[in-house]
Amino acid sequence: STYTLGGCIALSTWLPFRQEYPAAISSSATNLKILQVHGDEDLVVSLKWGEKSYEILKTLIQEPAPEFAVISGMGHSSDPEEIELVRKFLASVFKKE
């Protein structure tokens, strides 16, 4: 790709087409900052799918290591705790050096 992403925020989601990885991941994405957040009461996308996706991502991206957070009591929605995690992640991606 011509462009390099600063990071990826994955909320209540999973890694589709996991059989295609690691071939589907570009060399520039191997250092991608990732924040993945999932609710433990998500009835749309199973927490187990999110956890399995995180396990796969950890093998593909080591530095920086992907972040994974589980929000207790959150379904397939949002939560103030999740928004705070996103805020901190964005601040770390866009910090002035």
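That block above? That's the structure.
Residues numbered from 1 in each chain as written. Predicted model: local features only at pLDDT ≥ 70, side-chain atom pairs only at ≥ 80, totals over all residues. Heavy atoms only, no water.

Asks: Which residues make up the nonpolar core, and what are the values?
Replies: With 9 residues, the main nonpolar core is built from Leu15, Ile25, Ala29, Leu32, Ile34, Ile56, Leu57, Leu60 and Ile61. Sort the elements by how many residues they give to this core and helix α1 (residues 47-60) lands first, with 3 residues. Membership of the second largest hydrophobic core comes to 7 residues, among which are Leu35, Val37, Ile71 and Val86. (Core = buried A, V, L, I, M, F, W, Y, C linked by side-chain atoms within 4.5 Å. Buried < 20%, exposed > 50% of the residue type's maximum accessible area, 1.4 Å probe, protein only. Helix = DSSP H or I, 4+ residues; strand = E, 2+ residues; numbered from the N terminus.)

Asks: Explain the side chain of Ser12 residue by residue, including any values.
Replies: Turning to its location among the elements, Ser12 is positioned in the loop between β1 (8-11) and β2 (34-39). The exposure class assigned to Ser12 is buried, which follows from its relative accessible area of 7%. Leaving out residues up to four positions away in the same chain, Ser12 has contacts with Val37, His38, Asp42, Val45, Met74, Gly75, His76 and Ser77. (Contact = heavy atoms within 4.5 Å.)

Asks: Please set out the sheet that holds β1 residue by residue, giving values where relevant.
Replies: Taken in spatial order, the 3 strands of this open sheet run β1-β2-β3, and their pairing is parallel. Of all strands in the sheet, those with a lone pairing partner are β1 and β3 (67-71), marking the two edges. Each strand axis lies, on average, 15 degrees off the axis of its neighbour in the sheet, ignoring direction. Sheet topology note: the β2/β3 ladder contains 5 bridges and is parallel. Bridge assignment links Leu35 to a residue of β3, and that residue is Glu67. Across the sheet, α1 touches β2 and β3, and the angle it forms with β2 is around 160 degrees. (Pairing = 2+ DSSP bridges. Axes fitted to C-alpha atoms, helices over the stretch in contact; angles between N-to-C directions.)

Asks: Quick one: what's the story with the environment of Glu41, residue by residue and with numbers?
Replies: Following the sequence through the fold, Glu41 ends up in the loop between β2 and α1. Residues Glu41 and Thr30, spaced 11 residues apart in sequence, show a C-alpha to C-alpha distance of 30 Å. Those residues within four positions of Glu41 in sequence are excluded, and the remaining contacts are Gly73, Met74 and Gly75.

Asks: Tell me about the packing of aromatic side chains, residues and numbers included.
Replies: Each aromatic ring pair is summarised here by two numbers: the centre-to-centre distance and the angle between the ring planes. Applying the stated rule across the entire model yields 2 aromatic pairs. Ring geometry for Trp14 against Trp49: centres 5.6 Å apart, planes inclined by 55 degrees, an arrangement best described as tilted. Placement of Trp14 in the loop between β1 and β2 and of Trp49 in helix α1 is noted, with a sequence separation of 35 residues between them. The partly exposed category is assigned to Trp14, whose relative accessible area is 38%. Here the aromatic rings of Tyr54 and Phe68 are separated by 5.0 Å at their centres, their planes lie at 20 degrees, and the arrangement is stacked. Of this pair, Tyr54 sits in helix α1 while Phe68 sits in strand β3, and the two are 14 residues apart along the sequence. The exposure class assigned to Phe68 is partly exposed, which follows from its relative accessible area of 22%. (Phe/Tyr/Trp six-rings, centres within 6.5 Å; stacked < 30°, edge-to-face > 60°.)

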